[in-house]
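Structure assessment
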Amino acid sequence: RRFAPEAMRVLDMQDFHALRLGRERLVAKGCSLAEAADHRPRADCDHLCRELAAIYRCDATLAISEAERRMLVEEYDVTPPGRVAAAPWGYPAAAEG
C-alpha cells in the first residue's frame, strides 16, 4: 500500500484451508465422504477466522467454486456479496442439481 495506495487487493482462495482441513480431519476419523462433504467450519475455528480476516483486508476475493463463494456469502456473511467471485480453473464446473 505504501507504493501503490490505490491498487486493488485481490485474494485468490485456491484452497479454502478451514474447509479442507476440517474435511480431512473427519475422513481421518473414519467419517463417510458424505459427512465430510457436509462439513462447515465453526465460527470459532482459528483457520476460518484467519481466512475471513484476509478476505476483509482485501477489496475482492476469488473463490475456487460457486459453492465456496455461496458458503462464504451465505453461511459466513461475507459482505458485500460482490466482494467474492467464483473463479474456477482446471476442471469444468460440475452441474448442480
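Conventions adopted
Residues numbered from 1 in each chain as written. Predicted model: local features only at pLDDT ≥ 70, side-chain atom pairs only at ≥ 80, totals over all residues. Heavy atoms only, no water. Salt bridge = Lys/Arg side-chain N within 4 Å of Asp/Glu carboxyl O. Helix = DSSP H or I, 4+ residues; strand = E, 2+ residues; numbered from the N terminus. 1 Å grid on protein atoms, 1.4 Å probe; cavity = no way out; pocket = protein on both sides within 12 Å on 5 of 7 lines; lining within 4 Å. Points joined across faces, edges and corners; volume = space filled by probe spheres on them. Nonpolar A, V, L, I, M, F, W, Y, C, P; charged D, E, K, R; others polar. Pairing = 2+ DSSP bridges. Axes fitted to C-alpha atoms, helices over the stretch in contact; angles between N-to-C directions. Contact = heavy atoms within 4.5 Å. Parallel < 35°, antiparallel > 145°, perpendicular 65-115°, else oblique. Left-handed = near helix turned anticlockwise from the far one by under 90°.

A full pass over the atoms with the stated rule returns six salt bridges. When the shortest N-O distance is used, the salt bridge between Arg 40 and Glu 75 registers 3.2 Å. In this pair, Arg 40 is assigned in the loop between α2 (33–37) and α3 (46–57) and Glu 75 in helix α4 (residues 66–75), connecting sequence segments 35 residues apart. For Glu 66, the salt bridge identified is with Arg 70, shortest N-O distance 3.8 Å. Remark: Arg 70 and Glu 66 occur in helix α4; sequence separation between them is four residues, near one turn of the helix. By sharing partners, the salt bridges in this structure join Asp 15, Arg 20 and Glu 24 into a single network.

Moving on: the layout of surface pockets. Gaps left between atoms show up when a probe the size of a water molecule is rolled over them. By volume, the largest pocket amounts to about 150 Å³. Lining the largest pocket we find Leu 19, Arg 23, Ala 37, Arg 40, Ile 64, Ser 65, Ala 67, Glu 68, Arg 70, Met 71, Glu 74 and Glu 75. Those elements giving two or more residues to the lining of the largest pocket turn out to be α1 (17–28) and α4. Sort the elements by how many residues they give to the lining of the largest pocket and α4 lands first, with six residues. For the lining of the largest pocket, the residue count by class is five nonpolar, one polar and six charged.

Here we take up the sheet that holds strand β1 (residues 10–13). Strands sit in the order β1-β2-β3 across an open sheet of three strands; the sheet is parallel. Two strands bound the open sheet, and with one partner strand each, they are β1 and β3 (84–86). Taking each pair of neighbouring strands and ignoring which way they run, the sheet shows an average axis angle of 20°. The sheet contact formed by strand β2 (residues 60–63) and β3 spans three bridges and is parallel. Within β3, the position partnered with Thr 61 by the bridge is Val 84. Packing of α4 onto the sheet brings it into contact with β1, β2 and β3, and relative to β3 it is tilted by some 160°.

This part takes up the packing of α1 against α3. α3 packs onto α1 with a crossing angle of 165° between their chain directions and a minimal axis gap of 8 Å. With respect to α3, the element α1 is oriented roughly antiparallel. Crossing geometry of α1 relative to α3 is assigned as left-handed. For the pair α1 and α3, contact is made by His 17, Ala 18 and Leu 21 and by His 47, Leu 48 and Glu 51, respectively. A per-class count over the contact of α1 with α3 returns three nonpolar, two polar and one charged.

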